[in-house]
Amino acid sequence: MSLFKARDWWSTILGEKEEFDQGCLCVADVDNSGQDKIIVGSYMGYLRIFNPHPVKPGDGGQPEDLLLEVQLREPILQVEVGKFVSGTEGLHLAVLHCRKLCVYAVSETLGNVEHGNQYQIKLMYEHNLQRAACNMTYGPFGGVKGRDLICIQSMDGMLMLFEQESYAFGRFLPGFLLPGPLTYSSRTDSFITVSSCRQVESYKYQVLAFATDADERQETEQAKLSSGKRLVVDWVLNLGEQALDICVVSFNQAVSSVFVLGERNFFCLKDNGQIRFMKKLDYSPSCFIPYCSVKEGTINTLIGTHSKMLNVYQDVTLKWATQLPHVPVAVKVANLQNLKGVIVTLSDTGHLQCSYLGTDPSLFQAPRVESRELNQEEFDAEMKELQKIIKEATKTQDILPKSEKTRDVIVTAEVSPDLDAESQAIDSEVKAEAVPSVTVKITIQSRVTAKKPNLEVCVQAPLAVTCEQFVFDDLEPDSSETVVVSVFLKRNFSPSELEGNCVLSYGTPTAQPSKAANHKITIDTNKPPISFLTIFPDFVDPSEDDQANVLGFQFLTGSKATLLASKTSQRYRIQSDQLEDLWLITKELRLRLEEHFKKQNCKDFACTFSGSIPLQEYFELIDRHFELRLNEEKLQELLSQRAAQFRAIERRLLTRFKDKTPAPLQHLDTLLEGTFREVIALADAAGENQANLFQAFTKLKSATHLVIMLISLWQKLSTDQVAILEATFLPLAEDTKEMGWEETVDAAISYLLRTCLSKSSKEQALSLSSQLCMPKDTSRLKKNITLFCDRLAKGGRLSLSTDSATQQAAVVPGGCATIAESDSEERTVTLGSTAMFPHHGQTTKQKSKPGLSGDAAEEAEEP
């Protein structure tokens, strides 16, 4: 932080909730009166012209300081002042909008009262732009005398040049991606910009004028060659960073220079693109402006920062640093009221300030503290109390701090300090006139809903309690219950312990079923639906009738699944927000249904699936798993490179250390430390990616189990065919570097498509690769899975038989009939949507009628 602050000469706040940027500030003699004015445009479309004249330094803006304020109804991107009107060398104001360029004349009309002078603007001409504008620059292009031409850069990289009232031509910059700062050098008659490649590029005006016209880019190549020359760059300099602003200065006592403000460096270039000097900045700059220096051969530069600082440089030497009250986005140097060198700054919120550099420091002075009499005895007593608390805390403090956990239910027991006035002992075997008893008060505090809490009070024999068990009604959240028991000596001998236990058991509400879910499947059966009270007795409370047809499950990981049974049809629906969470619930439902009907000696029970196979969601899990595999390879490669680099640096350092004549390390120690940090970071990233890969593979296996079950129910596959299906889609227990899930499954499916699911003998003759390698992407695998389901839908049967001739001749049990060539075979299912397949009993040449999807089933019948 600077010791000195910028001395406020004049300041004001522009509008409310308006936004400003780099091109919104300009200082010039816009009304040709011989004095500088401050011109400000905002993104809200307001144009303001100020002529500050404070009575004393530090005064705020007065009403008469604002010469003109007008709303142009369109956002103002940039304002400039120059000789923009033909027939006169007077200065005019150019205002750049998104789709329009307007040139105004600013004039003053004398009034009859004290402050009656009025300013107005008159539109001289305007140009409607065909492309969205970004910024503009002006100057005597081509060496013209007495007038300025305007060049506008569009958002798509076109330079549009205007010769005052007329449009000249437009040229596209080669290799353009994003617009950058633009300026004009009159010394070399060149346009200088910074491209998205992070390099400074210079284009001659003559080259732009004779290059191919931008309007003819749609013509043929021959027409292009005949219409003009190709636009080539004059010189290029690689900065290695993006530029914030660019400026060309050519003062009398200095050579023409190109100044570029980067994100981390400040550059000064010669006319031919060579670096004159550069300065590395240890802060984040926001704006800059070069201006004339008092020392011959040098140039001063003002650089504003995001830390509200304004630094003054003479070439690369920092001469002054001052504090600003805001972050400047634009800075200018003006001559106002015969005061030269006034610094004009503008923030993005509209704080406009004119300041100067001063040496009057703004130091903090601590306020005076009111004196009061001190009571030493009170201080001593307070000190002793604090020391006592510290001592007690030190004694009871554990090595590790205890974490306070909020329990759902809290049980407290309070033993009365006195014996009961009237003994509560019952059935005591003690041979005494009176058997004493003591009262224990037990309190139950519940933070959640506790269903049917059961309290048991246990003491060691020969002690006994008057009541050992209590059953309460359901406890609501933030409620409590209190019971009182008495403890006494029941048997005629002394007890070994005087301690007891209170045990509370209760139930919590089951997961709430949800009808809104991202993934739904419907299982059809040939028997009436069974109540969940019968098939899920361990999950359903018999007293709750609302769980007979709907049941919610919540996994320990937090995800939820809902099971619904139809009241009118023979269907069950399983739904969840994650596809992989459907597998366990669907599998358990099928097993429990089969077990239930088996106990009833029902042998014809069967489950079927008539919906759509969720291939789109399944492919998303495949892509996620494959992406993590690719990341693993990249991280392993980077880790091996950094490890090799680390070992090479170690060898060089050991050679230096063993050398009898010590040599400089040449920053090898710094390089070693940086490489070590990269190795550690890459190792951590590889470990995290490996954990994510294992999780993704587990989810993929669950979804694969679900798809296998749905295909088997859909096509009514036999046990042997299901075994083939499982061996095809689940060949690996876990992923390895040598063999991954994608390439293994792809090879297995390709084998089935060329054998038992082949269309003709041509496909059977195709040979498969004997080597498995990681594919570049998953498009082939997803296409084969879709084709696999399509072949099954058209009558294909899974078999490992090698008798292809028999397979092509007829349908045999476990085999596959020859699939006729048809146009419908070539129409593969789009991978980006849910695949719909016909039943195996339908004719393949007819248009397939898809089964009822999950959403359609929901609309047709709400379970």
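In this report, we go over the structure that sits alongside the text. (Residues numbered from 1 in each chain as written. Predicted model: local features only at pLDDT ≥ 70, side-chain atom pairs only at ≥ 80, totals over all residues. Heavy atoms only, no water.)

### Overview of the packing of helix α9 (residues 741-754) against helix α11 (residues 779-793)
Put simply, the test is: Lines are fitted to the C-alpha atoms to define the axes, a helix being fitted only along its stretch in contact, and any angle between axes, read from their N-to-C directions, falls within 0 to 180 degrees. Helix and strand assignments come from DSSP, with helices taken as H or I runs of at least 4 residues and strands as E runs of at least 2, each series counted from the N terminus. Handedness of each helix crossing follows the sense of rotation of the near helix against the far helix: counterclockwise by less than a right angle gives left-handed, clockwise gives right-handed. In what follows, residue pairs with any heavy atoms lying within 4.5 Å of each other are defined as contacts. The classification used treats Ala, Val, Leu, Ile, Met, Phe, Trp, Tyr, Cys and Pro as nonpolar, Asp, Glu, Lys and Arg as charged, and all other residues, Gly among them, as polar.
Direction vectors running N to C along α9 and α11 enclose 35 degrees, while the axes themselves pass 10 Å from each other. The two elements α9 and α11 cross, and the hand of that crossing is left-handed. From α9, W741, E742, V745, D746, I749, S750, L752 and L753 reach across to α11, where they touch R780, L781, N784, I785, L787, F788 and R791. Among the residues forming the contact of α9 with α11, the class breakdown is nine nonpolar, two polar and four charged.

### Description of helix α5 (residues 582-599)
This is how it is decided: A helix's residues, less one, multiplied by 1.5 Å, set its expected span. The cut-offs for exposure are 20% and 50% of the maximum accessible area for each residue type, with area from a 1.4 Å probe on protein chains only; residues under the lower value are buried, those over the upper are exposed, and the others partly exposed.
For α5, with 18 residues, the first-to-last C-alpha span of 26 Å sits near the 26 Å given by 1.5 Å per residue. Within the span of α5, buried status applies to L582, W583, I585, T586, L589, R592, L593, H596 and F597. If you follow the buried residues of α5, they end up packed against β37 (519-525), α4 (532-535), β38 (550-554), β39 (560-565), β40 (571-576) and α7 (668-715). The first or second residue beyond α5 is N601, which carries a positive phi of 55 degrees.

### Some words on the pattern of salt bridges
Definition in use: Here a salt bridge means any side-chain nitrogen of Lys or Arg lying within 4 Å of a carboxyl oxygen belonging to Asp or Glu.
Within the structure shown, the criterion is met by 21 salt bridges. In this structure, the salt-bridge partner of E74 is K100, at a minimum N-O distance of 3.7 Å. Of the two residues, E74 is situated in the loop between β6 (66-71) and β7 (78-82) and K100 in strand β9 (residues 100-109); the sequence distance between them amounts to 26 residues. The class for E74 is partly exposed, based on a relative accessible area of 27%. Linking D790 and K794 is a salt bridge whose minimum nitrogen-to-oxygen distance equals 3.5 Å. Neither D790 nor K794 differs from the other in exposure class; each is buried. One salt-bridge network, in which partners are shared between bridges, spans E18, R48 and E69.

### A closer look at α9
When the terminal C-alpha atoms of α9 are compared, their 20 Å separation across 14 residues agrees well with the 20 Å that a helix rising 1.5 Å per residue should span. Those residues of α9 that sit buried are W741, E742, E743, T744, V745, D746, I749, S750, L752 and L753.

### Describing the sheet that holds strand β20 (residues 257-262)
The following threshold applies: When DSSP locates at least two bridges between a pair of strands, those strands are taken to pair.
The four strands lie next to each other as β19-β20-β21-β22, forming an open sheet whose pairing is antiparallel. Whereas interior strands pair on both sides, the edge strands pair on one side only; in this sheet they are β19 (243-249) and β22 (275-280). With direction set aside, neighbouring strand axes in the sheet form an average angle of 15 degrees.

### Observations concerning the sheet that holds strand β15 (residues 182-185)
Strands belonging to one sheet form pairs held by backbone hydrogen bonds; the direction of such a pair is parallel or antiparallel. Pairing is antiparallel across the open sheet formed by four strands, whose spatial order is β15-β16-β17-β18. Strand pairing shows two members of the sheet lacking a second neighbour, β15 and β18 (235-238), which therefore form its edges. Taken pair by pair, the neighbouring strands of this sheet meet at an average axis angle of 20 degrees, ignoring direction.

### Considering the packing of helix α6 (residues 615-658) against α9
The following threshold applies: Roughly parallel means an angle under 35 degrees; roughly antiparallel, over 145; roughly perpendicular, 65 to 115; everything else is oblique.
The contact between α6 and α9 brings their axes to 10 Å, and the two run at 130 degrees. Here α6 is positioned oblique relative to α9, judged by the angle of their axes. Across the interface between the two elements, Y618, I622, H625, F626 and R629 of α6 pack against W741, E742 and E743 of α9.

### Structural notes on the side chain of T525
Rules: Side-chain atoms alone can form a polar contact between residues adjacent in sequence; in general such a contact is a pair of N or O atoms within 3.5 Å, and within protein one must be able to donate a hydrogen while the other accepts it.
Relative to the helices and strands, T525 is located in strand β37. From its side chain, T525 meets the backbone oxygen of K527 in a polar contact 3.1 Å long. Not counting residues up to four positions away in its chain, the partners in contact with T525 are Q570, Y572, L593, F605, A606 and C607.

### With respect to the nonpolar core
Generally speaking, nonpolar side chains in soluble globular proteins are found buried as a group. Here is the rule: Here the nonpolar core consists of buried residues drawn from Ala, Val, Leu, Ile, Met, Phe, Trp, Tyr and Cys, with membership extended through side-chain atoms lying within 4.5 Å.
Among the nonpolar cores identified, the biggest contains 61 residues, and Y618, F788 and L798 are the most heavily contacted of them. Sequence-distant contacts of Y618, defined by excluding residues within four places in its chain, comprise L579, L700, A703, T704, V707, F729, W741 and I785.

### Details of the pairing of strand β30 (residues 409-419)
Counted residue by residue, β30 has one buried out of 11 residues, so it is predominantly exposed. Two elements, β30 and strand β31 (residues 437-446), share eight bridges in a ladder whose sense is antiparallel. Counted as the bridge partner of I410 is Q445 from β31.

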